[in-house]
Amino acid sequence: MRLIFLATLVALLQVQQGPTVIQREEPDVVVQKFSWEIIRANGDLIHSAADPGPSMNEPVGIKPPPRNNEPQELQNRRDMNERRADMAAARNAAQSSPPRQDQYLLHLEIKNVGTSVIKSIVWEYQPSSQTANYDLRQYVCTMKAKPKDSKTFELLSPYNPVKVIQADAKTGQAKDGKVAINRIEYADGSIWKRKGWSVIIPSDMTDKMGNGKCLAF
């Protein structure tokens with residue numbers, strides 16, 4: 001009975017102490033490639049200045065055949081009323097739609113160079129320019145990466161990975177920078193954290209995400 005009690009006590013103490021934290025300076029995840037591109041917000045009713053769409057002065061839809069013996073003045077008046085109704089419907093639809101914004105498609109490729117199976121990682125993009133004004137945003141990606149496995153992730157986000165002052169005019173990306181791995185969670189429950197990084201990750205966040213998915217927070 002005493003042995004059972006001691007075993008139960010040890011198990012409870014291990015649970016209270018939390019997951020095992022691996023003491024290592026560098027992560028065993030290598031970033032092989034990172035990039036992003038801007039996806040502009042365009043729609044059927046929202047056009048850029050370079051592509052304003054069809055003129056609103058033109059009739060919308062198919063014009064019905066004129067009625068027999070109908071005066072031309074009545075035909076013109078009916079056409080004008082139909083045109084105004086179509087324009088009002090289009091305007092109301094545009095106003096009722098939620099405002100659209102640019103999206104950012106992030107592409108990340110990593111490789112597990114360690115000896116343990118990886119369950120998830122938390123990472124951020126750090127520009128190397130000292131003049132950049134940026135807000136670091138965290139990204140968590142789930143996976144089942146065995147040793148020597150490479151994984152590719154794509155994430156569509158409303159947030160630019162970094163707000164920069166000096167950036168490439170065509171892509172909007174910082175001229176140079178790097179992806180920093182902040183946290184690694186392994187399949188056995190152990191974790192690795194980058195020194196100085198202290199963001200709290202909800203314990204159930206990765207459990208609710210599907211395998212191979214990424215989330216910005």
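Computed from a predicted structure; not experimentally measured. (Residues numbered from 1 in each chain as written. Predicted model: local features only at pLDDT ≥ 70, side-chain atom pairs only at ≥ 80, totals over all residues. Heavy atoms only, no water.)

### Structural notes on the packing of aromatic side chains
Scanning the model with the defined rule gives five aromatic pairs in all. Considering the side-chain rings of Phe34 and Trp123, the 5.6 Å spacing of their centres and the 70 degrees angle between planes classify their relative orientation as edge-to-face. Pair noted here: Phe34 is in strand S1 (residues 29-39) and Trp123 is in strand S3 (residues 118-127), with a separation of 89 residues, a long-range link. Taken individually, Phe34 and Trp123 each receive the classification buried, so the pair is uniform in this respect. Every member of this aromatic cluster is reached through a ring pair, and the members are Phe34, Trp36, Trp123, Tyr125 and Tyr139. Sitting above the plane of the Tyr159 ring, Arg137 keeps its charged end 3.8 Å from the centroid. (Phe/Tyr/Trp six-rings, centres within 6.5 Å; stacked < 30°, edge-to-face > 60°. Helix = DSSP H or I, 4+ residues; strand = E, 2+ residues; numbered from the N terminus. Buried < 20%, exposed > 50% of the residue type's maximum accessible area, 1.4 Å probe, protein only. Lys NZ or Arg CZ within 6 Å of the ring centre and 35° of its normal.)

### With respect to the sheet that holds strand S7 (residues 191-193)
The five strands are arranged S7-S6-S3-S4-S8 in an open sheet whose pairing can be described as antiparallel. The open sheet has two free edges, formed respectively by S7 and strand S8 (214-216), since each of these has just one partner strand. Looking at each pair of strands side by side, their axes are set apart by 25 degrees on average, direction ignored. As paired strands, strand S4 (residues 139-145) and S8 are joined by three bridges and run antiparallel to one another. When the sheet's bridge partners are listed, Tyr139 is paired in S8 with Ala216. (Pairing = 2+ DSSP bridges. Axes fitted to C-alpha atoms, helices over the stretch in contact; angles between N-to-C directions.)

### Regarding the pattern of salt bridges
Taken as a whole and judged by the stated rule, the model has six salt bridges. Here Arg194 makes a salt bridge to Glu124, at a shortest N to O gap of 3.6 Å. In this pair, Arg194 sits in the loop between S7 and helix H3 (205-208) while Glu124 sits in strand S3, placing the two residues 70 residues apart along the sequence. Taking the relative accessible area as the measure of exposure, Arg194 reaches 27% and is therefore partly exposed. For Glu124, a relative accessible area of 2% translates into the label buried. (Salt bridge = Lys/Arg side-chain N within 4 Å of Asp/Glu carboxyl O.)

### Focus on the state of the cysteines
As used in these notes, a disulfide is a covalent bond between sulfur atoms, one from each of two cysteines. Counting across every chain of the model gives one disulfide. Here Cys141 connects covalently by a disulfide to Cys214, the sulfurs 2.1 Å from one another. On the sign convention where negative means left-handed, the S-S torsion of about 110 degrees between Cys141 and Cys214 marks this disulfide as right-handed. One end of the pair, Cys141, is in strand S4; the other, Cys214, is in strand S8, and 73 residues separate them in sequence. Overall, the relative accessible area of 0% leaves Cys141 in the buried class. (Disulfide = S-S within 2.5 Å.)

### Overview of the sheet that holds S1
Sheet strands pair by backbone hydrogen bonding; their relative direction is either parallel or antiparallel. Strand order across the open sheet formed by three strands is S1-S2-S5, with antiparallel pairing between neighbours. Lying at the two open borders of the sheet, with one neighbouring strand each, are S1 and strand S5 (150-157). The sheet shows a mean angle of 15 degrees between the axes of neighbouring strands, taken without regard to direction.

Honestly, it's all geometry; don't read function into it.
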